[in-house]
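# Coordinate inspection notes
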Amino acid sequence: MEFVDHPQDIPLQIEKVNDRMFPETSFDRIGFVGITCQTNQAYEMGQSVQVTLKEIDPNFCVTGRIAWCDSDQNNFKIAIEFPEKDDCFCVRMVEQLSQIEHYRRQAKTQGRRLNYNEAAAEWISKFAASFPAFTI
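To keep things clear, this report deals only with the structure shown in the data block. (Residues numbered from 1 in each chain as written. Predicted model: local features only at pLDDT ≥ 70, side-chain atom pairs only at ≥ 80, totals over all residues. Heavy atoms only, no water.)

So, on to the side chain of Gln99. Inspection of the secondary structure puts Gln99 in helix α1 (residues 85-109). Excluding residues that lie within four positions of it along the chain, Gln99 makes contacts with Val4, Asp5, His6, Pro7, Trp123 and Phe131. (Helix = DSSP H or I, 4+ residues; strand = E, 2+ residues; numbered from the N terminus. Contact = heavy atoms within 4.5 Å.)

Next up, the structure:
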């Protein structure tokens, strides 16, 4: 199972969901299964959560479940897995867009002004090959 660290400078909205159950998944899944992120709230393993990412895609809204939650100083680091194939594929695509936007912002702090297409081309050439594959 591979999780991708979501960039901290791209706000992710997470809300608990009480009425969503997922089928059991095995721990031997390979490839991209979800994201990790920092939060100021603790979550229980197995808790269903709804994830939105308005800054990247105002229509993006998927439900996943907490795979783990670790205390990290004053915050928590959580992993959210997406057991449904379509949701997982969608999250992987949106996460790549988030990574590209993060790359563009980093370039700006270094005095480089890249438009989104330029940032995407650079990110793809540097990092796309190491981004976890979708293999569910």
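Let's shift gears to the pairing of strand β5 (residues 57-72). In the sheet, strand β4 (residues 48-53) pairs with β5 via six bridges, with the strands oriented antiparallel. Across the sheet, the residue bridging to Val49 is Gly64, located in β5. Hairpin remark: β4 followed by β5, antiparallel, with three residues in the connecting loop. Pairing between β5 and strand β6 (residues 75-81): seven bridges, direction antiparallel. Counterpart to Cys69 in the pairing with β6 is Ile78. The hairpin formed by β5 and β6 contains two residues between the paired strands, and Gln73 there has a positive phi angle of roughly 60°. (Pairing = 2+ DSSP bridges.)

The subject of this paragraph is the state of the cysteines. Summed over all chains, the structure comprises zero disulfides. Here Cys37 stays unpaired: no disulfide links it, and the sulfur of Cys69, its closest cysteine neighbor, is 9.6 Å away. The cysteine Cys88 is free of any disulfide, with Cys90 supplying the nearest cysteine sulfur at 10.0 Å. (Disulfide = S-S within 2.5 Å.)

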